Amino acid sequence: MAWNPFHDISNSKPLFLTIYATVLIGIICSSVYVFSALYGGKTIDPTTLFSPGYSTTQHSTQVDHAPNSELTKRGEAPSLSASKPQRMKPLWELPPPGSKMPPLKTFRLTKELVSDRVKDNVIIVTFGNYAFMDFILNWVKHLTDLGLHNLLVGAMDTKLLEALYWKGVPVFDMESHMSTVDVGWGSPTFHKMGREKVILIDVMLPFGYELLMCDTDMVWLKNPLPYLARYPEADILTSTDQVIPTVVDDRLENWQEGEDCIKGFDDCSCLFHTLRFLVHFFSSQSSVLYKSSVGF
């Protein structure tokens, strides 16, 4: 009668069954480790072989790095879209406990900084000094409640910049060196803030994104972007101080009938369509369309 090792194992005591199983697993692990080292050219930690995410993790790593490796072989630089994260950093996410304030140069306004917050080629921006801190937080809260996170805040003083950073609000340095106190409506410093807005628009439009510039003392009660997207032919869309609407539906306002429709950049919100606005507006050929802020 032939010897059957499995029959002997089944009749053995539980202790011996455990020993047999351990030896068998050790042989399998050693074999996989040896063959992987010989033919794979890469050392593998045998303790990770039976981890649930081992094969998936290794495969995804190879796929993620393959495009950049191919670009490097051809002497081309990886594109920004391929290297930047797919998901923007959440708002209101506080810095790690015990961390230090990053250097001020980290918050300089650059295209790379803006691109990290852009969604569907749109960036929503406001600005102010520390005296407008409550307004700014209220503005950000309303937008995030609407599911809008593609926003940035320009800080006109370092005190506001630091305060927003520690609250998890995306912020950049306008390098305005503005006072931290309320400057008072109509004062020379107040008018300087208006000029800073124009300078900020001029700096950001060449980045190539649709810019929705907002004052801090306004709030959005519903998402304005779907409405604004209905007018891609407009070089600029702006709200007005016109209290009485000139239309009865959600069409654009009839600016010829309004008494306070044309105020330039001094309105609550303006949407600029990238460089096209600069080219057309300063050559006196831009199409300026207006919409009352009623309903938003």
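Everything numeric here is computed off the predicted structure, so don't read it as measured data.

*Asks:* In this structure, what is going on with the side chain of Asp 157? I would like to understand it.
*Replies:* Within the element layout of this structure, Asp 157 appears in the loop between strand E2 (151-155) and helix H7 (158-166). Although Asp 157 is buried, it makes no salt bridge; Lys 159 carries the closest opposite charge, 7.4 Å away. Separated by 2.8 Å, the side chain of Asp 157 and the backbone nitrogen of Tyr 130 make a polar contact. Here Lys 159 takes part through its backbone nitrogen, which lies 3.1 Å from a polar atom of the side chain of Asp 157. Setting aside its immediate chain neighbours within four residues, Asp 157 contacts Asn 129, Tyr 130, Met 178, Ser 179 and Thr 180.

*Asks:* What am I meant to see in helix H8 (residues 188-204) here?
*Replies:* Between the first and last C-alpha of H8 there are 25 Å, a value that for 17 residues agrees with the 24 Å anticipated at 1.5 Å per step. Burial in H8 covers these residues: Met 193, Glu 196, Lys 197, Leu 200, Ile 201 and Met 204. Buried residues in H8, looked at end-on, bunch into an arc of 140 degrees, giving them a common side. H8 presents Pro 188 and Arg 195 as exposed residues on the side facing more than 90 degrees away from its buried surface.

*Asks:* What should I look at first to understand the pairing of strand E1 (residues 122-128) in this one?
*Replies:* Sheet faces and side chains relate simply in a regular strand, where the side chains alternate between the two faces. Here E1 lies mainly inside the structure; 7 of its 7 residues are buried. Covered by surrounding structure in E1 are Val 122, Ile 124, Thr 126 and Gly 128 together with Ile 123, Val 125 and Phe 127, the residues of both alternating faces. Summarising the sheet, E1 and strand E4 (residues 210-214) pair through 4 bridges and their orientation is parallel. When the sheet's bridge partners are listed, Ile 123 is paired in E4 with Leu 211. Here 5 bridges tie E1 to E2, and the two strands are oriented parallel to one another. Residue pairing across strands places Val 125 opposite Leu 152, the latter belonging to E2. The parallel pair E1 and E2 is bridged by helix H6 (residues 133-145), and the resulting crossover is right-handed.

Conventions adopted
Residues numbered from 1 in each chain as written. Predicted model: local features only at pLDDT ≥ 70, side-chain atom pairs only at ≥ 80, totals over all residues. Heavy atoms only, no water. Helix = DSSP H or I, 4+ residues; strand = E, 2+ residues; numbered from the N terminus. Buried < 20%, exposed > 50% of the residue type's maximum accessible area, 1.4 Å probe, protein only. Lys, Arg positive; Asp, Glu negative; His and termini not counted. Salt bridge = Lys/Arg side-chain N within 4 Å of Asp/Glu carboxyl O. Polar contact = N/O pair within 3.5 Å; in protein donor to acceptor, adjacent residues only side chain to side chain. Contact = heavy atoms within 4.5 Å. Expected span 1.5 Å × (residues − 1). Arc of directions from axis to C-beta. Pairing = 2+ DSSP bridges. Right-handed = clockwise from strand over helix to strand, strands pointing away.

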